[in-house]
Amino acid sequence: MAIETRTFHIARCDTCSRAFDEATEAWCWDDTPALALAQVDENPDWTRHQDGRVVCPRSDTAHYLARGSESPALLRPGPDAMRAEFAA
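Right, let's walk through the structure included here. (Residues numbered from 1 in each chain as written. Predicted model: local features only at pLDDT ≥ 70, side-chain atom pairs only at ≥ 80, totals over all residues. Heavy atoms only, no water.)

**Some details on the overall build of the protein chain**
Scanning the protein chain from terminus to terminus reveals three helices and two strands. When the helices and strands of the protein chain are listed from N to C terminus, the series reads α-β-β-α-α. Restricting to contacts in the protein chain with at least 6 residues of sequence separation, those with at least 24 account for 33%. For the protein chain, the accessible surface area stands at approximately 7,100 Å², while carbon and sulfur atoms represent 52% of it. (Helix = DSSP H or I, 4+ residues; strand = E, 2+ residues; numbered from the N terminus. Contact = heavy atoms within 4.5 Å. Areas by Shrake-Rupley, 256 points an atom, 1.4 Å probe, with all protein chains shown as cover.)

Take a look at the structure:
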């Protein structure tokens, strides 16, 4: 039996270290870093920034901020939010 050593590349979220293929039954191992990032670019749920950071589609505040969007949790008023009304 012949044994061969190979190096594979898997894209990971820079926010939580989740592997790109973690939520699927298929393995997305690629021979080069460029091919691994191409997998991310083809998936509309994942985000890759121009500086190379990769962000998975998890929906917590840290991931929303890493994608450059605002978290819905930050947009909702909290229990001690103030309200002002002005008469016309």
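**Things to note about the environment of Leu35**
Among the structural elements, Leu35 can be located in helix H1 (residues 33-42). In this structure the C-alpha to C-alpha distance between Leu35 and His9, which are 26 residues apart in sequence, comes to 8.2 Å.

**Some points on unusual backbone geometry**
You will see that Ser17, though not glycine, has its phi angle at about 70°, which is positive. Mapped onto the fold, Ser17 is located in the segment before H1. Its relative accessible area of 45% is what places Ser17 among the partly exposed residues. (Buried < 20%, exposed > 50% of the residue type's maximum accessible area, 1.4 Å probe, protein only.)

**With respect to the packing of aromatic side chains**
Under the counting rule described, the total for this entry stands at one aromatic pair. Directly above the aromatic system of Tyr64 lies the positively charged group of Arg67, at a separation of 5.0 Å from the ring centroid. (Phe/Tyr/Trp six-rings, centres within 6.5 Å; stacked < 30°, edge-to-face > 60°. Lys NZ or Arg CZ within 6 Å of the ring centre and 35° of its normal.)

**Let's talk about the pattern of salt bridges**
Tallying each qualifying case throughout the model produces four salt bridges. The residue Arg6 makes a salt bridge to Glu4 at a minimum N-O spacing of 3.8 Å. Here Arg6 ties to Asp31 by a salt bridge, and the two come within 3.2 Å at their closest N and O atoms. Of the two residues, Arg6 is situated in the segment before H1 and Asp31 in the segment before H1; the sequence distance between them amounts to 25 residues. By sharing partners, the salt bridges in this structure join Glu4, Arg6 and Asp31 into a single network. (Salt bridge = Lys/Arg side-chain N within 4 Å of Asp/Glu carboxyl O.)

Interpretation in functional terms is not warranted from these geometric data alone.
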